[in-house]
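# Coordinate inspection notes
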Amino acid sequence: MRSLLARFGDRALRAILRRVREHSALDPRTSPATKLAIAALHDKWRTRARNGEHLPPGLGLGARIFSQFEEDGLLIYLDAVLELEHRTFVDVGAADGINSNCANLALNMGWHGLFIDGNSALIARGRKYYEEHPDTQLWPPVFVEAFITRENVNQLIRDAGFSGPIGVMSIDIDGNDYWVWEAVNAVDPAIVIIETHIEFGMRNIVVPYDAQHVYPGKHPDYFSASPVAIVRLAERKGYRLVGANRYGFNLIFVKRGLH
């Protein structure tokens, strides 16, 4: 019996090690070198902030690891200088949760969180990825398949087990982003990243709410809200604008009172 258990244990261990090697070989974004570089950068910004040293203008150095553009680096910077207490996230409109503003938080920084999207194939792919990845397989993020509206967003979040203060909320649903953020009260994020429609320029424009909207919809150039409108909403909800990605369509807000 002992020899049988030993052989079984050896096979299980070899399978785990093989999976770790496969992920390491296929995905350098979560390699030990990447994690060490992130930790060093995080420590650098935190130390400089604590010592009252000069910090770079804007949000420091952006970097793309999993995010579409440089949002990963901006979040590393903000987490470091703000010393965020709650290391949880909610990603609304997450697609597969892999090419996401929150993936680096989960895979390289030890955060836990929630990915919500209406595409069943993308949700299945993301759930499989995180359940098999050695960095998250013991406690993978939660995936919820649902079409997101302002009427259901809070219930979806609560039913998934999230409420109260969190670290980051990302909203990217190509349409009702403004209305969904306006409705959110289930969680209280320290940082909000939300997509805007920069084609509206500096005008205060909010496209009327349409619970059935799916991009591109009937009018592909007329959806979502302008940066000006999003900033005004943020101010009403108690947030200040601290930056954006280089193209300006992902605005980043920090809750007032955090420094």
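Data block above holds the structure.
Along every chain, residues carry numbers that run from 1 in the direction the sequence is written. Owing to the predicted nature of the model, reporting of local features is limited to residues with pLDDT of at least 70; listing and counting of side-chain atom pairs is limited to 80 or more, with chain, interface and lining totals taken over all residues. Side-chain measures here rest on the full set of heavy atoms in the structure, leaving out hydrogens and waters.

## Quick word on the pairing of strand E4 (residues 164–171)
A large share of E4 lies buried, amounting to 6 of its 8 residues. When E4 meets strand E5 (residues 187–195), the two strands line up parallel, connected through 7 bridges. Note on E5: the bridge partner recorded for Val168 is Ile191. A right-handed crossover is one whose linking path, passing over the helix from the first strand to the second, runs clockwise when the strands point away from the viewer. Only DSSP runs of H or I reaching four residues or more are called helices, and only runs of E reaching two or more are called strands; each is numbered from the N terminus. Crossover connection from E4 via helix H7 (residues 177–183) to parallel E5: handedness right-handed. Note on classification: 1.4 Å probe, protein chains only; a residue is buried when its accessible area is under 20% of the maximum for its type, exposed when over 50%, partly exposed between these limits. Any two strands with at least two DSSP-identified bridges between them are counted as paired.

## Concerning the sheet that holds E5
As summarised here, the arrangement of the 7 strands in space is E3-E2-E1-E4-E5-E7-E6, forming an open sheet in which the pairing is mixed. The sheet is open, and its two edges are formed by strand E3 (142–145) and strand E6 (239–244), each paired on a single side. Between one strand axis and the next, the sheet turns by 20° as a mean value, whatever way the strands run. Relative to strand E7 (residues 250–255), E6 runs antiparallel, the two sharing 5 bridges. Within E7, the residue paired with Ala244 across the bridge is Leu251. Contacts from helix H3 (residues 71–82) reach E4, E5, E6 and E7, with the element oriented near 10° to E7. Residue contacts are defined here by distance: any two heavy atoms, one from each residue, within 4.5 Å place the two residues in contact. All axes are obtained by fitting lines to C-alpha atoms, using only the stretch in contact for helices, and the reported angles, taken between N-to-C directions, cover 0 to 180 degrees. Against the sheet, helix H8 (residues 227–237) contacts E5, E6 and E7, and its axis sits at roughly 15° relative to E7.

## Some points on the layout of surface pockets
As a volume, the largest pocket reaches approximately 600 Å³. The distinction between a cavity and a pocket rests on a 1 Å grid over the protein atoms alone: a 1.4 Å probe fits inside a cavity but cannot get out, while a pocket stays open yet meets protein on both sides within 12 Å along at least five of seven lines, and a residue with an atom within 4 Å of a point counts as lining. Lining the largest pocket are 27 residues, and of these Gly93, Asp117, Asp172, Ile173 and Asp174 lie nearest its centre. Residue classes follow a fixed rule: Ala, Val, Leu, Ile, Met, Phe, Trp, Tyr, Cys and Pro count as nonpolar, while Asp, Glu, Lys and Arg count as charged, and any other residue, Gly among them, counts as polar. Residue composition of the lining of the largest pocket, grouped by class: 9 nonpolar, 13 polar and 5 charged. Grid points are joined across faces, edges and corners, and a volume is the space filled by probe spheres set on the points.

## Some details on the pattern of salt bridges
Put simply, a salt bridge is a Lys or Arg side-chain nitrogen that is within 4 Å of an Asp or Glu carboxyl oxygen. Taken as a whole and judged by the stated rule, the model has 11 salt bridges. Between Lys35 and Asp135 there is a salt bridge, with the nearest N and O atoms lying 3.0 Å from each other. Linking Lys35 in helix H2 (residues 32–50) with Asp135 in the loop between helix H5 (120–132) and E3, this pair joins segments that are 100 residues apart in sequence. Classification of Lys35 as partly exposed rests on a relative accessible area of 23%.

## Let's talk about the packing of aromatic side chains
The criterion for an aromatic pair is that two Phe, Tyr or Trp rings (for Trp, the six-membered ring) have centres within 6.5 Å, with stacked assigned to planes under 30 degrees apart, edge-to-face to planes over 60 apart and tilted to the rest. Counted according to the given criterion, the structure contains 12 aromatic pairs. Among the aromatic residues, those joined into a cluster by ring pairs are Phe89, Phe115, Tyr129, Tyr130 and Phe143. Lysine and arginine charges are scored as sitting over a ring when NZ or CZ, respectively, is within 6 Å of the ring centre and within 35 degrees of the ring normal. Between the NZ or CZ atom of Lys44 and the centre of the ring of Trp45, over which it lies, the distance is 4.8 Å. Residue placement shows Arg150 over the ring face of Tyr209; its charged tip is 4.0 Å from the ring centre.

Just geometry here; none of it tells us what the structure is for.
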